[in-house]
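# Structural characterization, general
These are the residues of each chain, in order.
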Amino acid sequence: MANADMPADTMLRTADGQPLKSALAKASRKARIRAFLLVVPLLIFVLLTFVIPIGQMLSRSVNNDQFSESMINIGVWFDENPNAEPDEAAYAALAADLVYSAANRMIGNAGTRINYEVPGTRSLFTSSGRKAKNLKAPFKEALLELDEDWARPDLWAAMRSASGTTTFNFYQAAVDRKINADGQFERADENSRIYMTLFGRTFALSVVITGLCLLLGFPIAHLLATLPLRKASLLMILVLLPFWTSLLVRTTSWMVLLQGQGVINNVLVSLGIVTEDGRLEMMYNQTGTIIAMTHILLPFMILPLYSVMKTIPPSYARAARSLGATSWTTFRRIYLPQTVSGIGAGGILCFILAVGYYITPALVGGADGTLISNQIAFHMQNSLNWSLAAALATMLLASVLILYWAYDRLVGIDNMKLG
Amino acid sequence: MVNEPQNDGFVVFDHVQKSYDGEALVVKDLNLSIGKGEFLTMLGPSGSGKTTCLMMLAGFETATHGDIRLEGRPINEVPPHKRGIGMVFQNYALFPHMTVGENLSFPLEVRGMGKSEREAKVKRALDMVQMYSFINRRPAQLSGGQQQRIALARALVFDPGLVLMDEPLGALDKQLREHMQFEIKHLHESLGITVVYVTHDQGEALTMSDRVAVFNDGRIQQLAPPDELYERPQNSFVAQFIGENNKLEGVVESIDNGRALVRLGTGELIDATAVNVTAKGQKTVVSIRPERVEYKAELLPSGAHTVDAEVLEFIYMGDLFRTRLRVAGSDDFVIKSRNTSGQRMLKPGEKIKIGWAPDDARALEPS
Ligand SMILES: Nc1ncnc2c1ncn2[C@@H]1O[C@H](COP(=O)(O)OP(=O)(O)OP(=O)(O)O)[C@@H](O)[C@H]1O
Ligand SMILES: [Mg+2]
């Protein structure tokens, strides 16, 4: 604060002797309050629709009360005996918890939570829960008599990690790790490592789709920016037409076109280009996802590119030509560098949309064309493992933010031009 | 009008026509021969086809009909980058993503020139416009006048024999424009290049050019050195367009030895030089420069006819007095007189007699 240690008499003052700074602040306060009131509705809207849900998602992804809210005694024992083998006291606490949760119909929830980590243990909880009220000390023998599985170290490791109020287990599951018997994390079995593959595929396909959009969109945007107004507006309507058609309609029309017995294959077969048995598989695989999503995301590439190209006067290209550059050199050295901000904006837009796309891959992707968002939806709707869904979604969000940050470092976000 | 090539024909437009839409001719039968080392200005009102001519010469538009020759070679089929013509654009067209140095080195790079040679040439070109210290700036960090100089340096850096400039000073303020006019003229003389310059500022055209081509409606109205253009306009468009001019309409009373006696609508007789009137009884417009009109009897040549005039307005302009008169029924006859010592200030309402030397009044065909 340079002002604070400035001698009072050198401070600038208004005519009536007030310090200039406070006079200025007072004068502009009213305007600031009015400006703030104008944005309040937007602020509330953003808070309700964006900040709170994302906060909820984040908290859900580390939320761990499914087991701990009913299994209280065992939680206390875990806290008091870190790293200890389960003893009689532990089994007694467990038995008490089983009785309590069975009586309050929470045993299923608790079992489900452990089942995420150690598959097949949900029934252990529910069946033991039903019989728990008849158990007598010593509880260890009694429980083991009910089911041998109660001695399994990986089960105890899972219960220990599920009894904290927060957990990173879901993130570990999201990166294909699981708890082993020693309470350590190791890579999941070969055939259940699905998320990293899906993340990889999602990003790879998004890169391909973004690249295709750029390849197809660049010449169109250039045409749009250089054609005479009347033709340009006609072309613009064609570009915008997809926006006016339902996403579902567009996707299903691709299905009509691309499927095995679809229009394109029928034409190819009737022209004799492919044989009846050699019909191309363009649907329910990655090809289908790429084709349909490229089409859907193309306008998001074209519009930012167009808005940048529109501002590049033709005199630059003319100047370059008059200076002796061939048309290719002119394009590469003069035109292309000036469109970088549009390429960046369109690329980021397409990529982010592609990474989170759900409906199209779900409809046309088949087994190997689905993306991470389909898996998130699966956990939201079918397996009801919301915490895992939230963890996957958070990772998706984080990777997009990292990408954004990297773009900012490399190109500069100020250089991005969206329209 | 026909232009006999009185030069070596470095650049030749030979019966060139241009139409953009196939309906209207923007350039109608252009014949122009520009000598090596000449500074030729195309001057004309907006839309008269100046830029179009320049673009055809640079290779960005193709002539619909006719030949354009550079050093005797027809260049209609030569692509712009092979013509070796330097060009300065109205908005400068400096590449915004390159520094000043990179902008200048670009034409040398595309010619495959080595690094040290490039640097030497860039330095020489920047020194020429006194801008070497700005070599690492971006165009956006320069003022309009500075950008203008860089654009000039870039058009000259690869030593073109011909440089085209399309209203290069249009965006500058008056003082800077005058300064740059001087610099461009100076560079033209010291480098011996041929310059084709487009402007619609007649002052600029007159001060800079060896010859001026006045364009109107897709045709050259007159092609002449500045003094001839000003003193001896060939038709009423040129007379009106270049400088200030008074017009008096009348009928030719007699023609004798290039001298015409014209009777005005109000019956008075005036003297004029017959430029393109040929016969007695023809309608004509007599054009007279405001500074060539005299109202003191002793300054008039003997035997000159005089006309009655009434002073409507008198404006004191410092070095000049500008007086608006009613002459032969028209209210916008202007005379200019120098503020010499003893010069009398006229009063509105005053009745005077005005006259001129017959050489200074030109009887033209009405347009
Ligand atoms: N690309 C084009 N397509 C169609 N018509 C054009 C094109 N460029 C110019 N014209 C027309 O050609 C005529 C001459 O234009 P040009 O640009 O040569 O005028 P100019 O003399 O340079 O005018 P200014 O002083 O305003 O620059 C104008 O009527 C203009 O409308
Ligand atoms: Mg022009």
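Residues numbered from 1 in each chain as written. Chains lettered and ligands numbered in written order. Predicted model: local features only at pLDDT ≥ 70, side-chain atom pairs only at ≥ 80, totals over all residues. Heavy atoms only, no water.

### Let's talk about the overall build of chain B
Quick note on the threshold: Secondary structure counts use DSSP, requiring at least four H or I residues in a row for a helix and at least two E residues in a row for a strand, with both numbered from the N terminus. Burial status follows relative accessibility: with a 1.4 Å probe on protein chains alone, a residue under 20% of its type maximum counts as buried, one over 50% as exposed, and anything between as partly exposed. Contacts between residues were defined by any pair of non-hydrogen atoms, one from each residue, lying within 4.5 Å. Using a 1.4 Å probe, the Shrake-Rupley method yields the accessible areas, and only the shown protein chains count as cover for residues.
In terms of regular secondary structure, chain B is built from 8 helices and 19 strands. Principal-axis analysis of the C-alpha atoms gives chain B an extent of 75 × 45 × 35 Å. Taking all 367 residues of chain B together, 51% fall into the buried category. A separation threshold of at least 6 residues defines the contact pool for chain B, and within that pool the share at least 24 residues apart is 67%. In the structure as shown, chain B presents an accessible area of about 16,600 Å², 48% of it carried by carbon and sulfur atoms.

### Structural notes on the overall build of chain A
Put simply, the rule is: Values of the radius of gyration come from C-alpha atoms, whereas the globule rule sets the reference at 2.2 Å times the count of residues to the power 0.38. Residues scored as charged are limited to Lys and Arg (positive) and Asp and Glu (negative), so that His and the chain ends carry no count. Here the site of a charge means atom NZ of a Lys, CZ of an Arg, CG of an Asp or CD of a Glu.
Assigned secondary structure in chain A consists of 19 helices and 2 strands. Its C-alpha atoms give chain A a radius of gyration of 31 Å, clearly above 22 Å, the size a compact globule of 419 residues would have. Seen through its principal axes, chain A has C-alpha atoms that stretch 95 × 95 × 35 Å. By residue count, 40% of the 419 residues in chain A fall in the buried class. Put simply, of all contacts in chain A between residues at least 6 apart along the chain, 68% involve residues at least 24 apart. Split by element, the accessible area of chain A, about 23,000 Å² in all, is 64% carbon and sulfur. With 34 positive and 29 negative side-chain charges, chain A shows a separation of 20 Å between the mean positions of the two kinds.

### Let's talk about the pattern of salt bridges
Note that side chains of opposite charge can pair when their charged atoms are close. Our working definition: Every case where a carboxyl oxygen of Asp or Glu lies within 4 Å of a side-chain nitrogen of Lys or Arg is listed as a salt bridge.
Under the defined criterion, the tally for this structure stands at 28 salt bridges over all chains. Residue B:Glu109 pairs with A:Arg333 through a salt bridge whose shortest N-O separation is 2.8 Å. Of this pair, B:Glu109 sits in helix α2 (residues 100-109) while A:Arg333 is found in helix α16 (residues 327-355), placing the two residues in two different chains. Residue class for B:Glu109 comes out partly exposed when judged on its relative accessible area of 27%. Classification of A:Arg333 by relative accessible area gives partly exposed; the value is 21%. Taking the shortest distance from any N to any O, the salt bridge between B:Asp201 and B:Arg177 comes out at 3.8 Å. A residue pair is termed long-range when its members are at least 10 positions apart, and B:Asp201 in the loop between β8 (194-199) and α6 (202-208) and B:Arg177 in helix α5 (residues 174-191) qualify at 24 residues.

### Focus: the domain arrangement of chain A
Keep this limit in mind: For the domains described, the bounds stem from an automatic or database domain assignment.
We note that the domain assignment places domain 1 (13-50), domain 2 (72-192) and domain 3 (195-415) within chain A. When each unit is reduced to the centre of its C-alpha atoms, the spacing between domain 1 of chain A and domain 2 of chain A is 56 Å.

### Comments concerning the interface of chain B and chain A
Threshold: When two components associate, each loses some accessible surface as probed by a 1.4 Å sphere; the sum of these losses over both components is called the buried area. Each residue is assigned to one of three groups, with Ala, Val, Leu, Ile, Met, Phe, Trp, Tyr, Cys and Pro labelled nonpolar, Asp, Glu, Lys and Arg labelled charged, and all others, Gly among them, labelled polar.
The interface of chain B with chain A comprises 23 residues on the first partner and 17 residues on the second. Between chain B and chain A, a total of about 1,800 Å² is buried, with carbon and sulfur atoms accounting for 65% of that surface. The interface formed by chain B and chain A holds 2 salt bridges in total. Contributions of two or more residues to the side of chain B that touches chain A are made by β6 (85-88) and α2 of chain B. Per-element tally for the side of chain B that touches chain A: the top contributor is α2(B), with 3 residues. Each residue belonging to the side of chain B that touches chain A can be placed in one class, and the counts come to 16 nonpolar, 3 polar and 4 charged.

### Description of the sheet that holds strand β5 (residues 73-74) of chain B
Residues and elements named next belong to chain B. Note the cut-off: When DSSP locates at least two bridges between a pair of strands, those strands are taken to pair.
Read from one edge of the open sheet, 4 strands run β2-β1-β4-β5, paired in antiparallel fashion. At either margin of the open sheet sits one strand with a lone partner, and together these are β2 (27-34) and β5. Strand direction decides the pairing type here: strand β4 (residues 65-70) and β5, joined by 2 bridges, are antiparallel. From the neighbouring strand, Leu-70 faces β5, where its bridge partner is Arg-73.

### Structural notes on unusual backbone geometry
Residue and element names in this part refer to chain A. Residue Pro-138 is bonded to the preceding Ala-137 through a cis peptide linkage, with omega at -5 degrees. With respect to the helices and strands, the residue Pro-138 is situated in the loop between α6 (122-131) and α7 (139-146). Positive phi, close to 60 degrees, is recorded for Tyr-284, a residue that is not glycine. Summarising the element assignment, Tyr-284 is placed in the loop between α13 (263-270) and α14 (286-309). On the accessibility criterion, Tyr-284 (42% relative accessible area) is partly exposed. The backbone phi angle of Leu-384 is positive, close to 55 degrees, even though this residue is not glycine. Among the secondary structure elements, Leu-384 is positioned in the loop between α18 (372-381) and α19 (386-410).

### Brief notes about helix α12 (residues 247-258) of chain A
All names here are of chain A. Put simply, the rule reads: Helix span, expected: 1.5 Å multiplied by one less than the number of residues in the helix. To obtain the arc, one takes the directions from the helix axis to the C-beta atoms. In protein, a polar contact means a hydrogen-donor-capable atom and an acceptor-capable atom, both N or O and within 3.5 Å, with residues adjacent in sequence counting only if both atoms are side-chain atoms; elsewhere, any N or O pair within 3.5 Å suffices.
With 12 residues, α12 extends 17 Å from end C-alpha to end C-alpha; this agrees with the ideal 16 Å at 1.5 Å per step. Taken together, the buried positions of α12 are Arg-250, Thr-251, Trp-254, Met-255 and Leu-258. Angular distribution of buried residues about the axis of α12 spans 145 degrees; they occupy a single face of the element. In this structure, the buried residues of α12 make contact with α13, α14 and α17 (359-364). In this structure Ser-246 caps α12, since a side-chain oxygen of it lies 3.1 Å from the backbone nitrogen of Leu-248.

### Overview of the packing of aromatic side chains
Defined as follows: Only Phe, Tyr and Trp rings are paired, with Trp represented by its six-membered ring, and only when their centres lie within 6.5 Å; those with planes under 30 degrees apart are stacked, over 60 edge-to-face, the remainder tilted. Only when the NZ of Lys or the CZ of Arg is both within 6 Å of the ring centre and within 35 degrees of the ring normal is a charge said to sit over the ring.
The final tally for this structure, using the stated rule, is 21 aromatic pairs over all chains. With 6.5 Å between their ring centres and 70 degrees between their planes, A:Trp77 and A:Trp156 make a pair best called edge-to-face. In this pair, A:Trp77 is assigned in helix α3 (residues 72-80) and A:Trp156 in helix α8 (residues 153-162), connecting sequence segments 79 residues apart. You'll find A:Trp77 and A:Trp156 in the same group, each marked buried. When the centroid spacing of 5.2 Å and the interplanar angle of 85 degrees are considered together, the rings of A:Phe243 and A:Phe300 count as edge-to-face. In this pair, A:Phe243 is assigned in the loop between α11 (229-240) and α12 and A:Phe300 in helix α14, connecting sequence segments 57 residues apart. Its relative accessible area of 25% is what places A:Phe300 among the partly exposed residues. Taken together, A:Trp77, A:Phe78, A:Tyr91 and A:Trp156 form an aromatic cluster joined through their ring pairs. Over the face of the ring belonging to B:Tyr20 we find B:Lys18, whose NZ or CZ atom lies 5.0 Å from the ring centre. Geometry around B:Tyr230 places B:Arg289 over its ring, the cationic atom sitting 3.9 Å from the centre.

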